[in-house]
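Summary of structural features
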Amino acid sequence: MVSAEIHRREVHGEPDLAKEYHRRADPLYELPREDSREEGFRRLNRDFFTRLGYPSILAETLREFPDPPTRLRSLWVARATRKWDEGIDLGANGSLSILRLRPASFADVPSLRRMVRHEWAHLCDMLDPAFGYGGRSLPAGLSPPEENLVRERYRVLWDIRVESRLSRLGLQGWLTKEKCRQAFNAGFAKLPACSRPPLFERLWSFGRWTHREILEIALDPRGLLSRFSDLTEALEEEEKSWLFGGPCPLCSFPTWEWETGVLTLEDHVQEAIRSDFPGWRPEDGACRRCVESYRFRALLEAEKPVG
Amino acid sequence: MDVTRRHFLGMVAAAGAGSLVADHGLALAALKPTVQVENPLESYPDRGWERVYRDQYRYDSAFAYVCSPNDTHACRMRAYVRNGVVMRIEQNYDVDRYADLEGNRATVNWNPRGCLKGYTLHRRVYGPYRMKYPIVRKGWKEWADSGFPELTPELRSKYRFDARGQDEFVRLLWEEAYTYIARGMIAIAKRYSGPEGARRLRDQGYPPEMIEEMEGAGTRTIKLRGGMGLLGVFGKYGLYRLSNMLAILDSLIRGVGPDEARGGRNWSNYTWHGDQAPGHPWVHGLQTSDCDFNDLRFSKLIIMDGKNLVENKMPESHFFIECMERGAKIVVIAPEYGPPSTKADYWIPIRPQSDTALFLGITKILIDENRFDVDFVKRFTDFPLLVRTDTLKHLKPQEFIPGYQEKDISRGASFRVQGLTAEQQKALGDFVVWDSKSAGPKVITRDDVGGKMVAQRLDPALEGRYTVKTVDGKEVEVMPLFEMYRVHLKDYDLETVHQITHAPKKLIRRLAEDIASTKPAAIHQGEGINHYFHATEINRSAYLPMMLTGNIGFPGAGVHTWAGNYKAGVFQGSAWTGPGFAGWVKEDPFHLNLDPNSPGRDVKVRAYAKGEEPAYWNHGDVPLIVKTPRYGRKVFTGQTHMPSPTKAIFFNNVNLINNAKHAYEMIKNVNPGVELIISADIQMTASIEYADFGLPANSWMEFEGLEVTASCSNPFLQIWKGGIRPLYDSKDDIVILAELAAKMSEITGDRRFADMWKFVLEGRREVYIQRMLDTSTTTKGYKLEDIMAGKYGESGAALMLFRTYPRVPFWEQVHEDIPFYTDHGRLQAYSDLDEAIEYGENFIVHREGPEATPYLPNVIVSSNPFIRPDDYGVAQSAEHWDERTVRNVKMPWSQVQKTKNFLWEKGYRFFCTTPKTRHRVHSQWSDTDWSLIWESNFGDPYRMDKRSPGVGEHQLHINPQAAKDLGINDGDYVYVDANPADRPYVGWKPNDPFYKVSRLMLRAKYNPAYPYNFAMMKHAPYIATERSVKAHETRKDGRALSAGTGYQANLRYGSQQSLTRNWHMPMHQTDTLFHKKKAAMSFLFGGESDNHAINTVPKETLVRISKAEDGGLGGRGVWAPAKTGFTAGDENDFMKRYLEGIVKVKKD
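Described in the following lines is the structure provided in the data block. (Residues numbered from 1 in each chain as written. Chains lettered and ligands numbered in written order. Predicted model: local features only at pLDDT ≥ 70, side-chain atom pairs only at ≥ 80, totals over all residues. Heavy atoms only, no water.)

1. Considering the overall build of chain B
For the record, the criterion: Here a strand is any run of E in DSSP of at least two residues, a helix any run of H or I of at least four, and the numbering for each starts at the N terminus. Should any heavy atoms of two residues lie within 4.5 Å, those residues are considered in contact. Exposure was quantified through the Shrake-Rupley algorithm and a 1.4 Å probe, taking into account, for residues, occlusion by the shown protein chains and nothing else.
Each helix and strand in chain B was counted, giving 44 helices and 36 strands. By its C-alpha atoms, chain B is 110 × 80 × 70 Å across when sized along the principal axes. Within chain B, contacts between residues at least 6 apart in sequence are counted, and of these 75% link residues at least 24 apart. As displayed, chain B has an accessible area near 37900 Å², and 51% of this comes from carbon and sulfur atoms.

Put into structure tokens, the structure is as follows:
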């Protein structure tokens, strides 16, 4: 990271730092003991890390927040080896946290700042008694796909809370408002399309949802509509959309393969389905396998060629 | 790219402590040194712990036993015992000492023998899944206690015959178990005997042909299956002796004498497994051609066609791999780039089930370019025989020679060596060639092969069209078969073969060149081939290049197959030795030889039991009968194959129901009609969960008396007993059968049942063993006590008395001019049987499968005018599986290409194969923890993902791009579905709870070795059952461990048998095929189970694959290993560069 930045500055017309770095680094190669060499380089790189101003980037970013969490006693910065390992972990008693970053992330300081803000804002929520994080968990009995969906919705709502707060502070977060809107539309596709834009705007401007409220909405998105009396009419216009990974109403297996032509199914196939599922309507949907089985069965029952 | 949120979101689930940082204080405390040592050499506090390490190999005693699963090896292993417990198992390194009566010794190169299965047997023996005592299903017991009332639909439900999987089991004492079973068998035999029994069966809907087949005997409804009998000739095959014994029961029930009495039906093993190469009897008349494994090293060209010796023949695969360093060329033909391909000089990728076209293409090249051995072809094959172009039959001498009588060959090899009878010779007749020297037709007999034909100064023509005037004055055209093949092969030019097979033209050409120029050459076909519906044609076609180049009957040459230790024929009887193996399984129960000192050849043999294919039970308990538009109701199953209705099933050492194709159909729709199911096994299996009785048998290392085995792939006779006491209330298989028979004597008052097992009951089973040794062609002269005393090297071991070591099939034919076991004594490229002509398979021809094809199901690819199949008027749009099975439509490839398979059109676009596993044999070892961990990419002893049914789980291999196109990530759970009309079972409905049990869901694993439209899962895992599904859905730990039975499933839902079904291949069911009996030097026409019979074909399956659940822990996100960048299909840049060879390794 250090040498990459020095090199970048060198090619942009700032050779002094590179010269100094090499002047101090070259003798280290002459050291006879390997461990001495390594220690020398470690010290050298730490010096330059500071001189390049990296530690202050993090400190400045965290100072942008008006109300730092008082319970937190220390924040450690550690190296992440993979991109998806980057982020903040909170210690069990809430007084210690670790920020994991990849060295490569320092190459793009604005992006680094946005990411740290985003993570830090989440951490602040977790330590904010008003947010009430961790008070309630997912209910038992959800299938893995359902659980995934709830988590995804939770993530979207929490991100909206965090990013809108950063926006109100005049800070640029990791996600733009537009990105948040897209995520909301994807995660809450079950809601009527006409209701989604006003809902998103209210979520963005309100921004004080608690953990418990977010979880309830994630579990039952329709509940979000009922919170706004002027939007409840939209409930009646709810569009049919079948969730990937949701259970087929016939076989109850989670399915990613909904029968796309279910609304225009042949009458005899519909009848065959209703003979086993009297209350079933095409709008309820069905997986491809189930529909196909009724179609095949009707065909075979018409003709039995076995002697 | 979003920042990962799992640190936060993980906490939503409250239990998210896993993402929190550990308490540092605790960690540091844990690191404190416990003991301060200045100088460890001077003072060391306590070295006692080292004894644990030093002592781990200490043992009190050791013993050798034979690991005898159905993998054809039968390795002798050595178990080391400490405090009465087997601590470890090792290879015995003994084979170099094995000798025969003449002092020949086995080569040291066989050593070492034994694999990881053998090493882990003690994990099975001491594991938690053993059968510990006899059990009976509660509902069945209530039925018995109620006096076995006739089972109406209501009573079937009352006694839970239609819900076996939800019933409970009750513990029994052995005496009680024998009593119940004996009473049950007697009740069933009585109920279905005579006219009243026939009426009942008619009422139940059985076709008349099946009922007639019983000849009035209710005992014919009792089906017995000794689980791969050769694995324990006395205990396992003993079930067939029990079956023969049932003739006594029949005689008592119906009051008939021995001439009319009938025993049970003996269910097959080899063909039932789909392991036989069904085309072999069509070529040479022998059940199977297989050589000893150490013959492989003689090959200079060794072609593996659908054979995976590396994974499936672990102890002996080195003989194949050695070919690399011995300078042989190795060729692999397979759709996937599998383990054997890594050893190959070149791999020919091929579209599944198109191998026949490949071999026909190679044959065409060899013939067109005159690259064949004319002398061998004329001497040993049917290519010179004349065929009438009008009838497609061989020209017979009596057709053009007035008053012709068959030549007298009664002093020749056919009669004197092979046991041909005069009646058979009359039925076969003599044959005709066109003699080039005299320019006219000449008669030859089946003895006129090889030098014997040459001695007649005949030079049969291979080419030309001739006219013969028949005795009725007609002029008919005849052609040597060779000439007809020139016409036939016009459909198989290089370009067409390439289009059919997808094999590169260059490689097809190269293989033809190699076969033409290399000797000895061998083709080895595995069950990978035999599991195709048209395996018959693939097997036959593989012989063509070998027949043309004279690569038969020499070391390192031939066409062979190994899959399953089927070969009762290694204990073959003969006119000069006595009955051999038949003396054990077919001893006449009405004329028992009870003199222990009587020579074995004095044992009277009579078959009261009859072989039968379980395939019929597996097909709704019916034969192949189709209502055809042209002929109405047509029975395709030959009379010699005809099954009888199934009312009782008794099997040992096999997981019959688990391993049945279409298993859930059996459980749901067929077995409710079966009134008694008995399984004897060492472990709790799905078959026992769906049986009425579970009987605990001793394991190989617990045997209390001697047992015998041998093999189709090595020359070793193996006799052994166990070395530890049985752990539970279990018994030797043979003892279970003998004591059951004794109970029948007690109940009926007829002592012949017990007498049938007299020497077992007296603890002298050695009498039976010695009788078999005395009367088998391969063991005559051996004394059991000598063998056990180690006279032939190792106690219990000796070499079978084969004529050559290694054993080379057809050595006698080629070197001593003995006829092959066919009609005409020659290797057969053509069949003029009525059935073969009708089905369009008189020539060896490529057909698409009835299901596993993108094209018209079952179409014959040919324009040959000498192929004239009957389609019976079945429409090309017909979708029923039996209609597709019998429809014979001929088209040239140019037309076939334009046809479609309706299933392919509906998205069923994956060929799905279920080959043998690396670390199991069928389903054995499927609950062994170590095997489960090794067997898949999802083995995890900690079960971090609680969805895993056990410490491992089954997986589907799929091409990464194909999976990605379906939105499936590496490691995701997927559904695999086949034709919804009949799978997982006929009549399934989405709301049937059993559908949930039976629909296959398993992990997908990216594997770029597999082509795009190809998926693979290893076969015979422990299937999901009603109890196991309930278990994993309700247990806290999520294990698929059945409550009440302790059965451990390998899958959450379904199994590979959710996809497979039985197919009644017509060519497997003729009454006319002439061939050698499997265990005697004699011949028969038509069916014999394990020999010419339905060979099951699990590969005849097209599937559709769809995503079910995310593969990440607990169903969240992507399976973690797939995110590392180092897994197939998800490689990161570094890995890609590494695979491309760009990463340089620094050398100091």
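2. Considering the pattern of salt bridges
Residue and element names in this part refer to chain A. Filter applied, for reference: What counts as a salt bridge is simple: a side-chain nitrogen of Lys or Arg found within 4 Å of a carboxyl oxygen of Asp or Glu. We call a residue buried when its accessible area falls under 20% of the maximum for its residue type, exposed when it is over 50%, and partly exposed in between, using a 1.4 Å probe and counting protein chains only.
Applying the stated criterion to the full structure yields 112 salt bridges over all chains. Between Arg212 and Glu216 there is a salt bridge; the shortest N-O distance is 3.7 Å. Separated by four residues within a single helix, Arg212 and Glu216 lie in helix 9 (residues 211-219), roughly one turn from each other. Looking at Arg212, the relative accessible area reads 49%, which means it is partly exposed. The exposure class assigned to Glu216 is partly exposed, which follows from its relative accessible area of 30%.

3. Quick notes on the sheet that holds strand 36 (residues 1102-1109) of chain B
Residue and element names in this part refer to chain B. Under the convention used in this document: Pairs of strands are assigned from DSSP output, requiring at least two bridges between the strands. Interaxial angles span 0 to 180 degrees and are taken between N-to-C directions of axes, which are lines fitted to C-alpha atoms, for helices over the stretch in contact.
Taking strand neighbours around the barrel as the criterion, the six strands line up as 29-33-30-32-31-36 in a closed arrangement whose pairing is mixed. Neighbour to neighbour, the strand axes of the sheet diverge by 45 degrees on average, direction disregarded. As paired strands, strand 30 (residues 955-958) and strand 32 (residues 1000-1006) are joined by four bridges and run parallel to one another. When the bridges of strand 32 are listed, Ile958 appears paired with Tyr1006.

4. Thoughts on the state of the cysteines
We apply this condition: Throughout, a disulfide means two cysteine sulfur atoms within 2.5 Å of one another.
The final tally for this structure, using the stated rule, is zero disulfides over all chains. Free of any disulfide, Cys124 of chain A has its nearest cysteine sulfur in Cys180 of chain A, 17 Å distant. With no disulfide partner, Cys115 of chain B has as its closest neighbouring cysteine sulfur the one in Cys75 of chain B, 6.5 Å distant. For Cys115 of chain B, a relative accessible area of 9% gives the class buried.

5. Observations regarding unusual backbone geometry
Residue and element names in this part refer to chain B. Cis rather than trans, the peptide bond between Asn111 and Pro112 has omega equal to -10 degrees. Lys519 connects to Pro520 through a cis peptide bond whose omega is -5 degrees. Its location among the elements puts Pro520 in the loop between helix 23 (505-517) and strand 16 (521-525). Of note, His922 is a non-glycine position whose phi angle comes to about 50 degrees, a positive value. Looking at the element boundaries, His922 is found in the loop between strand 29 (910-913) and helix 40 (929-935). Relative accessible area serves as the criterion here: at 10%, His922 is assigned to the buried category. Not every positive phi belongs to a glycine, and Trp925 is a case in point at roughly 75 degrees. Tracing the chain through its elements places Trp925 in the loop between strand 29 and helix 40.

6. Digging into the pairing of strand 3 (residues 85-91) of chain B
All names here are of chain B. Relative to strand 3, strand 2 (residues 75-82) is paired through six bridges, and the arrangement is antiparallel. Bridge pairing links Ala79 to Ile89 in strand 3. Connecting strand 2 to the antiparallel partner strand 3 that follows it, the hairpin turn spans two residues, and Asn83 within it adopts a positive phi of roughly 50 degrees.

7. Re the packing of aromatic side chains
For clarity, the cut-off: Ring pairs are drawn from Phe, Tyr and Trp, using the six-membered ring of Trp, whenever the two centres fall within 6.5 Å, and their geometry is named by plane angle: stacked under 30 degrees, edge-to-face over 60, tilted for the rest. Look at NZ for Lys and CZ for Arg. If either is within 6 Å of the ring centre and within 35 degrees of the ring normal, a charge sits over the ring.
Per the stated rule, a full pass over the model turns up 68 aromatic pairs over all chains. Ring geometry for Phe293 of chain B and Trp562 of chain B: centres 4.3 Å apart, planes at 20 degrees, overall stacked. With Phe293 of chain B in the loop between helix 12 (280-283) and strand 8 (301-305) and Trp562 of chain B in the loop between strand 17 (558-561) and helix 26 (582-585), the pair connects residues that are 269 residues apart, well separated along the chain. Under the relative-accessibility criterion, Phe293 of chain B is labelled buried at 0%. We note Arg153 of chain A situated over the ring of Phe188 of chain A; from NZ or CZ to the ring centre the distance is 5.8 Å. Directly above the aromatic system of Phe431 of chain B lies the positively charged group of Lys396 of chain B, at a separation of 3.7 Å from the ring centroid.

8. Considering the environment of Lys783 of chain B
Residue and element names in this part refer to chain B. Note that Lys783 resides in the loop between helix 33 (766-775) and helix 34 (784-788). Accessibility expressed as a relative area gives 40% for Lys783, which makes it partly exposed. Taking C-alpha positions, Lys783 is 54 Å from Asp203, a pair spaced 580 residues apart along the chain. Look past the residues within four positions of Lys783 in its chain and what remains in contact with it is Gln770 and Asp774.

9. Digging into the nonpolar core
All names here are of chain B. Put simply, the rule is: Put simply, a nonpolar core is a bunch of buried Ala, Val, Leu, Ile, Met, Phe, Trp, Tyr and Cys residues held in one set by side-chain atoms that sit within 4.5 Å of each other.
Trp140, Val233, Met245, Phe571, Leu717 and Trp757 are the most contacted members of the largest nonpolar core, which has 121 residues in total. No other element matches helix 8 (residues 174-191), which puts 11 residues into this core. The contact partners of Trp140, leaving out residues within four places of it in the chain, are Phe148, Tyr159, Phe161, Tyr180, Gly184, Glu675, Leu676, Asp692 and Phe693.

10. Observations concerning the packing of helix 7 (residues 177-187) of chain A against helix 8 (residues 196-206) of chain A
Residues and elements named next belong to chain A. How we decide: In this scheme, roughly parallel covers angles under 35 degrees and roughly antiparallel covers those over 145, while 65 to 115 is roughly perpendicular and the rest are oblique. Handedness of a crossing follows from how the near helix is turned relative to the far one, being left-handed for an anticlockwise turn of less than a right angle and right-handed for a clockwise one. Gly is placed with the polar residues, together with every amino acid not listed as nonpolar (Ala, Val, Leu, Ile, Met, Phe, Trp, Tyr, Cys and Pro) or charged (Asp, Glu, Lys and Arg).
Axis separation between helix 7 and helix 8 bottoms out at 11 Å; the angle between their running directions is 125 degrees. With respect to their mutual orientation, helix 7 and helix 8 come out oblique. As helix 7 runs across helix 8, the sense of the crossing is right-handed. Only Arg196, Leu199, Phe200, Glu201, Leu203 and Trp204 of helix 8 make contact with helix 7, whose side of the interface consists of Lys177, Cys180, Arg181, Phe184 and Asn185. In the contact of helix 7 with helix 8, the residues fall into six nonpolar, one polar and four charged.

Purely geometric numbers; function is a separate question.
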